[in-house]
Amino acid sequence: MITLKGNNISLRALEPEDLEFIYHIENDENIWEVSNTQTPYSKFLIHQYLENAHQDIYEAKQLRLAICKNDSRNPIGLIDLFDFDPKNNRAGIGIVIQNEIDRTQGFGKEALGLLIDYSFNQLQLHQLYANIGIDNVSSINLFATFGFQKIGIKKDWIYFNNSYHDEAIYQLINHQH
């Protein structure tokens, strides 16, 4: 099982006891626009997902890790690699910190740094990408901190609040591989 440890946070594999936390994150309509969610998830579906969370990234084509403060095993957020493509050595990356108070403490930045390092040095990925709404300034700034560059705009890509919104795609290429 994967555990990545930083100065203030650690990233760990999901556990069955994370069911309530994931249930609340996945069913928080305030973040549906950033998570590309359109309908609520049942506890049953999340339970099934957690039972299969033991699959490695090569089987599941994704990796979801809990973000925890170092003094606790309770998650404050989730960070994902998705659309894992081992042939082309790339994956999408996404992050969510549940409570606003934790969003300005540097936890997301540390988590993103740990997962980028893992992706490039352990998985030997050539590139990562992130889909970010053009109005999500805090996420844009977070990813830009690590050198992600905007490579395009998907026009009218996300529908929420009764209107369409543009989404940008950001890319980070690992020039060492």
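In case you missed it, the structure is sitting above this.
**Student:** Talk me through the packing of helix H5 (residues 107–121) against helix H6 (residues 137–145); I want residue IDs and the actual numbers.
**Tutor:** H6 packs onto H5 with a crossing angle of 45 degrees between their chain directions and a minimal axis gap of 10 Å. As summarised for this structure, H5 and H6 are arranged oblique, according to the angle between their axes. Crossing of H5 against H6: the hand is right-handed. Touching Gly 108, Lys 109 and Leu 112 of H5 are Leu 142, Phe 143 and Thr 145, all from H6. The class makeup of the residues in the contact of H5 with H6 is three nonpolar, two polar and one charged.

**Student:** Account for the sheet that holds strand S5 (residues 90–97), with residues named and values stated.
**Tutor:** On the basis of which strands lie adjacent, the open sheet formed by eight strands has the order S1-S2-S3-S4-S5-S6-S8-S7 and mixed pairing. Because the sheet does not close on itself, it has two edges, and the strands there are strand S1 (3–5) and strand S7 (149–160). Across the sheet, the axes of successive neighbouring strands diverge by a mean angle of 25 degrees, strand direction being ignored. Bridge count between strand S6 (residues 127–133) and strand S8 (residues 163–173): seven bridges; the pairing is antiparallel.

What counts, and where the lines are drawn
Residues numbered from 1 in each chain as written. Predicted model: local features only at pLDDT ≥ 70, side-chain atom pairs only at ≥ 80, totals over all residues. Heavy atoms only, no water. Axes fitted to C-alpha atoms, helices over the stretch in contact; angles between N-to-C directions. Helix = DSSP H or I, 4+ residues; strand = E, 2+ residues; numbered from the N terminus. Parallel < 35°, antiparallel > 145°, perpendicular 65-115°, else oblique. Left-handed = near helix turned anticlockwise from the far one by under 90°. Contact = heavy atoms within 4.5 Å. Nonpolar A, V, L, I, M, F, W, Y, C, P; charged D, E, K, R; others polar. Pairing = 2+ DSSP bridges.

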